[in-house]
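Given next are the chains, with one letter for each unit.
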Amino acid sequence: MSLTIIKTCLSVLCLAMSAAATAVDIAPAVAANQIAQQPELVAHLNGTPVHKLTLEVLTQMAQLEKPKTVRADILDNILSNRLLAEDAREKFAEEELQASRRVAFEPDVMLDNQLSGYLRTVYRKDLETAISKLPGGRLDALIQEHGKLDEDQLNAVFGARNRIMLDYSLNPTQQTAATHVLVLRSNFAAASSISLYAVFRRQNVQGRVEFFNRNRDFIRQQAQLYLANLYVLDWVRQRFGESALSDLRRALQEKNTVQAVMSLHGIGADTDSESRLLNQLAAEVKPKEVQAYFHSHKEEFKRIVSVKARHIRLDNEAQAHQVSKMARQGANFASLAKQYSTAPDAQQGGDMGLIAHRGQLSWLEQLAYMQEPGKASPPIRTAVAPHETAHWEIVLVEKRNDGYQDPASETVRYLASRAIAQEKAIRQLSSLQAQLRKSAKIDINQAALLN
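It should be emphasised that the depicted structure is a prediction, and the values quoted were computed from it without experimental measurement.

1. Describing the side chain of Asp-112
Step number 1: Note on placement: Asp-112 falls in helix 6 (residues 107-122).
Step number 2: Not counting the four nearest positions on each side in its chain, Asp-112 is found in contact with Arg-202 and Arg-249.

As structure tokens, then:
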């Protein structure tokens, strides 16, 4: 998809969001008076509260990237995300809204890490003050006991060592065994006992590999990080309340869901990215739409029709670099080929002739198609099998003839239909956002936007 199209589509989306943003400033006076009596809240959306903590944390995080970000804009994003996320969960399967769990973190773990990270950033000084009041001024003071993690315990969970592993996951029996293995015990109520399984399930695939490799230092380190996360969440819970913390967690989850929805609609994704929505819309694109798209976006379908090129083949890498340097400094390429090239066409100045893009190109011809005209390439080692002798090729494209893809080709049909589908999906999303905002009941605590 071209940069112009992406900008156009995003402009459509931004206009819809701007129109929706206007709704934030329009709230019945009676409702506004009612919510003003609840200073811990900044809004009600269809009767559901939005807490001041959520607005404060997300505003400060946004201001780290854009210092002039205003609270009203962040509140508008929170409300839009909440509406769109609720709609998305009805339309898309959970696996479409989640990244692959085989390599990434479990969704709840990723959300906890994100939540804790935001809170650490926003309330860093307050948290440091709270920790300084612990014995020794360190979170480690909360730890009462480290688990032994002896070999028998780990074998019961991960199996015997030196097995060939295809999947670093635990079956139900292994999970049960892992819950009975202590990693650390603390005098902190929220983490009085942290089991091996509690820490294991918080890992991505790289972390799981370390567990299967019995990296005890890593396991204990991850347990301490988990303890630190729990401490941060508990501190916020004590200060702002469970409802406020739950609302912030929900807002982050909705933000992640909306990012997934936008990706499914082609925003921030390639035209060939896998999306059920884009696949369906692409299948519905008519041939006349493809042709219209081709003629209005011909530059996207440019292709190299042929190149006229020369090459120099050398058997020695050091010499290849010397010859390449001479070529780049202006020496006649054909003369260099006659003097140094070991290829059969050396006496013809390494002339490869006019190479048309028909059928399968050789490795050297493909290399010529990749070069910028008028500039000798650096030495490139030939692609050969381990037992074959390698050479180094220097290529000069003297002329390149550009053209366009055949408008009736499968390539044009595929690329155009995907781009058209992406445009339609983005328009659908912007229309949906406006519709959801129009039908929503939104009450704003205007005073909270000023504090």
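2. Quick word on the confidence of the model for the chain
Step number 1: Within the chain, residue pLDDT values average 87, and 89% of them lie at 70 or more.
Step number 2: Segment residues 1-32: pLDDT under 50, and 43 contacts once partners within four positions in sequence are set aside and those in other chains are kept.

3. A word on the nonpolar core
Step number 1: Counting 86 residues, the largest nonpolar core has Val-57, Leu-75, Leu-119, Phe-158 and Leu-196 as its most contacted members.
Step number 2: Tallying contributions element by element places helix 12 (residues 216-240) first for this core, with twelve residues.
Step number 3: Apart from the residues lying within four places of it in its own chain, the contact partners of Leu-75 are Val-42, Ala-43, Val-50, Leu-55, Ile-444 and Leu-449.

4. Notes on the sheet that holds strand 10 (residues 442-444)
Step number 1: The three strands are arranged 2-1-10 in an open sheet whose pairing can be described as antiparallel. Of all the strands in the sheet, the pair left with one neighbour each is strand 2 (48-51) and strand 10. For this sheet, the mean angle separating the axes of adjacent strands, direction not counted, is 20°.

5. What to know about unusual backbone geometry
Step number 1: The phi dihedral of Leu-149 is positive, around 50°, even though this residue is not glycine.
Step number 2: Looking at where Leu-149 falls in the secondary structure, it is placed in the loop between strand 3 (143-146) and helix 8 (151-158).
Step number 3: A positive phi is found at Arg-214, a non-glycine position, where the angle reads about 60°.
Step number 4: By the secondary structure assignment, Arg-214 is in the loop between helix 11 (205-212) and helix 12.
Step number 5: Take Arg-214: its relative accessible area is 5%, and that puts it in the buried class.

What counts as what
Residues numbered from 1 in each chain as written. Predicted model: local features only at pLDDT ≥ 70, side-chain atom pairs only at ≥ 80, totals over all residues. Heavy atoms only, no water. Helix = DSSP H or I, 4+ residues; strand = E, 2+ residues; numbered from the N terminus. Contact = heavy atoms within 4.5 Å. pLDDT = per-residue confidence, 0-100. Core = buried A, V, L, I, M, F, W, Y, C linked by side-chain atoms within 4.5 Å. Buried < 20%, exposed > 50% of the residue type's maximum accessible area, 1.4 Å probe, protein only. Pairing = 2+ DSSP bridges. Axes fitted to C-alpha atoms, helices over the stretch in contact; angles between N-to-C directions.

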